[in-house]
Amino acid sequence: MANEQIAEIIDTFELLGDWDQRYQYLIEIGERLPPMDATAKTDANQVKECMSTVHVMAQPSNTGTGLDYQGDCDTAIIKGVVALLVGLFSGKTAAEIATLDVDQLFAGLQLEEHLSPSRHVGVYAIVNKMQGQAKAFA
């Protein structure tokens, strides 16, 4: 199911055609990200390897299964990536999160070709942070 969700995200981006349209869509996704609670923007939730100021936080879902994530970033394009990841990781268990093929997601979105190497490292640091938070709830 989780990797089907990744395929759906990639399909949506492929419909957009060129990178400018994809870039704009990522920004729009980021703009729709619910605001992160200011009290959650702690050092423990900050992705320090990122050039941008990024915070992500996992908490048990209100439904009792899986985790819910929230996140924020001060850079529009990376905030869009955070929003994608928050949507992808939320509602899943730690075990499900561990099996997510984020390499497939990023390859399908063509992020590596369009983000600077340092931003690319930061994007993976966000994933690692979110996976680490999930492991803490396992």
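Our structure's up above, just so we're on the same page.
Residues numbered from 1 in each chain as written. Predicted model: local features only at pLDDT ≥ 70, side-chain atom pairs only at ≥ 80, totals over all residues. Heavy atoms only, no water.

Caption draft 1: Representation of the pairing of strand β2 (residues 67-73) in the model. Of all the seven residues making up β2, six are buried; the element is thus mostly covered by neighbouring parts of the structure. As defined by bridge partners, strand β1 (residues 54-60) adjoins β2 across seven bridges and the pair is classed as antiparallel. By the bridge assignment for β2, V56 is matched with G71. The turn joining β1 and β2, which pair antiparallel and follow one another in sequence, is formed by six residues; a positive phi near 95° is taken by G64. (Buried < 20%, exposed > 50% of the residue type's maximum accessible area, 1.4 Å probe, protein only. Helix = DSSP H or I, 4+ residues; strand = E, 2+ residues; numbered from the N terminus. Pairing = 2+ DSSP bridges.)

Caption draft 2: Structural context of the pattern of salt bridges. Summed over the entire model, instances satisfying the criterion amount to two salt bridges. A salt bridge links D72 to K41; the nearest nitrogen and oxygen atoms lie 2.6 Å apart. Taken together, the residues span a long stretch of sequence, with D72 in strand β2 and K41 in the loop between α2 (19-31) and β1 at a distance of 31 residues. Under the relative-accessibility criterion, D72 is labelled buried at 15%. Classification of K41 as partly exposed rests on a relative accessible area of 37%. The network of salt bridges with common partners includes K41, D72 and K79. (Salt bridge = Lys/Arg side-chain N within 4 Å of Asp/Glu carboxyl O.)

Caption draft 3: Focus on the side chain of N45. With respect to the secondary-structure elements, N45 resides in the loop between α2 and β1. With relative accessibility at 11%, the residue N45 sits in the buried group. Among the polar contacts made by the side chain of N45, one reaches the main-chain carbonyl oxygen of A40 at a distance of 2.8 Å. With sequence-adjacent residues up to four places away left out, N45 is seen in contact with A40, V54, H55, V56, M57, K129 and Q133. (Polar contact = N/O pair within 3.5 Å; in protein donor to acceptor, adjacent residues only side chain to side chain. Contact = heavy atoms within 4.5 Å.)

Caption draft 4: Spotlight on the environment of A83. Residue position: A83 is located in helix α3 (residues 76-89). The sequence separation of A83 and S52 amounts to 31 residues, and the corresponding C-alpha distance is 14 Å. Dropping the residues within four chain positions of it, A83 is found in contact with I29, G30 and L33.

These figures come from the coordinates and say nothing about function on their own.
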